[in-house]
Amino acid sequence: GEPLRIIPRLEAAERAAAAGLSLLSLRREVAAGQDHVRRALMHEPRGHGGMYGALVVRGGAAAEGAHLAVLFLHCAGYSAMCGHAVMALGRFALDYGLVPEPARPETAVRLRCPCGPVTAFVPWDGRRSGNPVRFHSVPAFAAATDLAIDVPGRGKVVVDIAYGGTFYAFLSAEQLGLDVCSSRTRDLVSAASAVTEAVKKQFKLHHPESEDLAFLYGTILTDGKDAFSEEPTTNICVFADEQVDRSPTGSGVTARIALQYHKGLIQLDQTRTFRSSTTGSLFTGKAVKATKFGNYNAVIVEVSGEAFYTGTATFTVEEEDPLKHGFFFK
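Conventions we followed
Residues numbered from 1 in each chain as written. Predicted model: local features only at pLDDT ≥ 70, side-chain atom pairs only at ≥ 80, totals over all residues. Heavy atoms only, no water. Helix = DSSP H or I, 4+ residues; strand = E, 2+ residues; numbered from the N terminus. Rg over C-alpha atoms; globule rule 2.2 N^0.38 Å. Buried < 20%, exposed > 50% of the residue type's maximum accessible area, 1.4 Å probe, protein only. Contact = heavy atoms within 4.5 Å. Areas by Shrake-Rupley, 256 points an atom, 1.4 Å probe, with all protein chains shown as cover. 1 Å grid on protein atoms, 1.4 Å probe; cavity = no way out; pocket = protein on both sides within 12 Å on 5 of 7 lines; lining within 4 Å. Points joined across faces, edges and corners; volume = space filled by probe spheres on them. Domains from an automatic or database assignment. Nonpolar A, V, L, I, M, F, W, Y, C, P; charged D, E, K, R; others polar. Salt bridge = Lys/Arg side-chain N within 4 Å of Asp/Glu carboxyl O. Buried area = accessible area lost by both parts, 1.4 Å probe. Disulfide = S-S within 2.5 Å. Phe/Tyr/Trp six-rings, centres within 6.5 Å; stacked < 30°, edge-to-face > 60°. Lys NZ or Arg CZ within 6 Å of the ring centre and 35° of its normal.

## Observations concerning the overall build of the chain
A tally of regular secondary structure across the chain gives six helices and 16 strands. Over its C-alpha trace the chain gives a radius of gyration of 19 Å, about what one expects of a compact globule, namely 20 Å for 330 residues. Expressed as lengths along the three principal axes of its C-alpha atoms, the size of the chain is roughly 50 × 50 × 35 Å. Burial status across the chain gives 54% buried among its 330 residues. Restricting the contact set of the chain to residue pairs at least 6 apart, pairs at least 24 apart contribute 64%. Carbon and sulfur atoms make up 49% of the accessible area of the chain, which amounts to about 14400 Å² in all.

As C-alpha cells, then:
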C-alpha cells in the first residue's frame, strides 16, 4: 500500500560506511552531505508528497552478519525503521542476489536498520520471491500509557506512546471528534499533526540505547478497537511533515501490538489484523516473545504483509535544471 523507491547503492554512502561509521552516524553523514539525493528522488517532479525511499548500503555498514544495511528516506528526512520497506527489501534482496544461498520454501533476510537488527522471512521457490513477507523487528515496548496531553485548539486528549523501531503516539480518532474510516483525510491529518506537536512539547522520550532514536515520528489515529478480535482494526498514520502512510504502518503495527500486550488486551501468538484507512491494505501482527529492552518490558513482534513490484526507473538530473533537486508542494 505504501510507495517505496529502492536505491540499490550510493557510492558516497558506501565509502562512508567503509570508513567504519555506525548506521546512525552514516544517517547523519548522508543527511549532511548527500541530502540532494533524497530530495531529488522523494520530491516532485520525480517523486510526490507520499513517496518513501530505502537506500541499500552494502560493505562496512552491513557487517555483523547482516545481508544488507538500509537507510530510510521520506519527504522530510530520514527514519529509523520502516516495516513496509522491510517487506519490500526482503523480496528485493532475494531477487537481486543479495542473499548468497536462499533456502526454500522461506529465506531469512537479515537487515541492519538504524533502529537495530531486523529479520524478514521471505517465500522463495528457487526462482523468485513471493508473498506474504513477515518480519521480526527490534524489541517493542510501551513508553507511556494514558498520558494527558493538551492539544491547542482541540482540548485535552489521552494518548499512549509506544516504540516499534520508532516512537508513535496513539489515540482513537473519536477523542478528536473524528472517525478514522469516514472523516476527511485532511481533517485526520490536521488533527494527528496537532497531537504530534503537542506531545513533542509535553513529553520527554527516552530510548534505552541511543538518544538519536528518542524522537516522536508521528501519530496514529485508530478506530479504538484495541481489545483482541478476529475483525480488522483500522488506523491512519501521519508522520514526518504531515506525510500519510498508505499502508497500515509496519513499525506502527509493531508498536500498537506492544501496547495491546502491555495492557493485557492480547496474549502471545494472538494474531490481529490491521487495515489502512487510506488504501484498505492489510497487515497482521502478533507478539511472539516477551523480552527486556533496557528497563522496559518489551516484546518481539511479528508483522506480515505483501509487497509488489511496480517497476524499475532510471532518473536524469541535468546540471542546468534550476529544480534539479526537486521541490516540495503541499
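And the narrative resumes.
## Concerning the layout of surface pockets
One way to see where empty space is left: roll a probe the size of a water molecule over the atoms. What the largest pocket holds in volume is close to 1100 Å³. Contributing to the lining of the largest pocket are 33 residues, with Leu-4, Arg-5, Ile-6, Thr-310 and Gly-311 lying nearest its centre. Where the lining of the largest pocket is concerned, the elements lending two or more residues are β1 (5-7), α3 (35-42), α4 (83-95) and β15 (282-293). The dominant element in the lining of the largest pocket, judged by the number of residues it contributes, is α4, at five residues. Taken domain by domain, the lining of the largest pocket gets at least three of its residues from each of domain 1 (4-130) and domain 2 (139-305).

## A look at empty space enclosed by the protein
In this structure the tally under the stated criterion is two cavities of 30 Å³ or more. By volume, the largest cavity amounts to about 80 Å³. Elements supplying a minimum of two residues to the lining of the largest cavity: α4, β12 (233-239) and α6 (250-262). Residues of the lining of the largest cavity, tallied by class, amount to seven nonpolar, five polar and two charged. Here the lining of the largest cavity spans two domains, and each of domain 1 (4-130) and domain 2 (139-305) adds at least three residues to it. When its volume is computed, the second largest cavity comes out at roughly 40 Å³. Along the walls of the second largest cavity sit Ile-7, Leu-10, Val-30, Gln-34, Val-37, Arg-38, Leu-55, Leu-73 and Tyr-78, which together make up its complete lining. When the residues that make up the lining of the second largest cavity are grouped by side-chain class, the tally is seven nonpolar, one polar and one charged.

## Examining the pattern of salt bridges
Side chains that differ in charge, positive against negative, can pair when their charged atoms come close. Scanning the entire structure with this criterion turns up 13 salt bridges. Put simply, Asp-187 and Arg-184 hold a salt bridge, and the shortest N to O gap is 3.1 Å. Classification of Arg-184 as partly exposed rests on a relative accessible area of 48%. Among the charged side chains, a salt-bridge network with shared partners connects Asp-35, Arg-38 and Arg-39.

## Focus: the domain arrangement of the chain
Taken domain by domain, the chain consists of domain 1 (4-130) and domain 2 (139-305). Distance between the C-alpha centres of domain 1 and domain 2: 24 Å. Across the boundary between the two partners, domain 1 contributes 18 residues, which contact 21 residues of domain 2. Carbon and sulfur atoms make up 59% of the area that domain 1 and domain 2 hide from each other, which totals about 1300 Å². Of all residues in domain 1, Met-81, Met-87 and Cys-115 give up the largest surface area on contact with domain 2, accounting jointly for 31% of the area buried on that side. The partner of Asp-212 in a salt bridge is Arg-28, with the nearest N and O atoms 2.2 Å apart.

## Let's talk about helix α2 (residues 23-33)
Along α2, the positions that sit buried rather than exposed are Leu-23, Leu-24, Ser-25, Leu-26, Arg-27 and Val-30. Where α2 is buried, its residues touch α1 (11-18), α3, β2 (52-57), β3 (68-74), β4 (78-79) and β5 (106-113).

## Topic: the state of the cysteines
Per the counting criterion, the structure on display carries zero disulfides. Free of any disulfide, Cys-75 has its nearest neighbouring cysteine sulfur in Cys-82, separated by 13 Å. For Cys-75, a relative accessible area of 4% translates into the label buried. Cys-82 supplies the cysteine sulfur nearest to Cys-237, a cysteine that is in no disulfide, at a spacing of 9.6 Å. The class for Cys-237 is buried, based on a relative accessible area of 1%.

## Thoughts on the packing of aromatic side chains
Two measures describe an aromatic ring pair: the distance that separates the ring centres and the angle between the ring planes. Per the stated rule, a full pass over the model turns up twelve aromatic pairs. Look at Phe-141 and Phe-293: their rings are 5.9 Å apart centre to centre, the planes differ by 50°, and that puts the pair in the tilted class. With Phe-141 in strand β8 (residues 140-151) and Phe-293 in strand β15, the pair connects residues that are 152 residues apart, well separated along the chain. Across the pair, Phe-293 and Phe-141 agree in class, each one buried. Following the ring pairs from residue to residue traces out a cluster consisting of Tyr-52, Tyr-168, Phe-170, Phe-215, Tyr-217 and Phe-239. The positively charged end of Arg-134 is found above the aromatic ring belonging to Phe-121, 4.3 Å away from the centroid.

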